[in-house]
Amino acid sequence: VVARECGFSLIEVMVTIVIVSFGLLGLAGMMFSSLTAGQVSMSRSVAVNLSNEMADRIRSNWKAVKAGKFNDVTEAHYADPGTACSSACITGVCDPQTQAELDKCLWKKQVGKQLPGGLATIAVDASNVSCVTPSAACSFNVTVSWNESGYRAADADNAQFEVAKTSYSILVQP
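Residues numbered from 1 in each chain as written. Predicted model: local features only at pLDDT ≥ 70, side-chain atom pairs only at ≥ 80, totals over all residues. Heavy atoms only, no water.

Colleague: Summarise the overall build of the chain; cite the residues concerned and give the values.
Modeller: A tally of regular secondary structure across the chain gives four helices and three strands. A burial count over the chain gives 28% of its 174 residues as buried. When the accessible surface of the chain is summed, it comes to about 11200 Å², and 59% of that surface belongs to carbon and sulfur atoms. (Helix = DSSP H or I, 4+ residues; strand = E, 2+ residues; numbered from the N terminus. Buried < 20%, exposed > 50% of the residue type's maximum accessible area, 1.4 Å probe, protein only. Areas by Shrake-Rupley, 256 points an atom, 1.4 Å probe, with all protein chains shown as cover.)

Colleague: With reference to specific residues and values, describe the packing of helix H1 (residues 10–60) against helix H4 (residues 96–114).
Modeller: The interhelical angle for the contact between H1 and H4, taken along N-to-C directions, is 180°, at an axis separation of 11 Å. Accordingly, the angle class assigned to the pair H1 and H4 is roughly antiparallel. Touching Val46, Leu50, Ser51, Met54 and Arg57 of H1 are Asp103, Lys104, Leu106, Trp107, Gln110, Val111 and Gln114, all from H4. Residue composition of the contact of H1 with H4, by class: six nonpolar, three polar and three charged. (Axes fitted to C-alpha atoms, helices over the stretch in contact; angles between N-to-C directions. Parallel < 35°, antiparallel > 145°, perpendicular 65-115°, else oblique. Contact = heavy atoms within 4.5 Å. Nonpolar A, V, L, I, M, F, W, Y, C, P; charged D, E, K, R; others polar.)

Structure follows, in structure tokens:
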């Protein structure tokens, strides 16, 4: 009578460990991709919100639009905490031009603070008609740019982690 063998052999255990290891590596890769996608999604949501915030500020201050106070806000880093925005409009009543300066300053600081490498610009649309009356067709291009990191590759064999400049623009008609 032949006795039946019971239990696992060493080879079976090693094969099981290899299979489970590959599964855990795949799970770790999926978690990293999920974290990267979550960060990208959050940055894009912040950029959309900041752009829409400036669009609302432009629309709400028609007198400053007519005076050209929102024309050509240049791109620069504004995360420097040493540069303070004017508090005249916060502590008291101010005119529309001063309010526009405060709006731009606060907005640029928020872009620099909330987005990695955040930059903010406002440009008058090239086809702009003078913004003198509410019926005139004038528009502004509000752009928020930031550094976005993730895997980019032309093919699967050359995938590498890199940082790329990403931007979001919105066309605003006051």
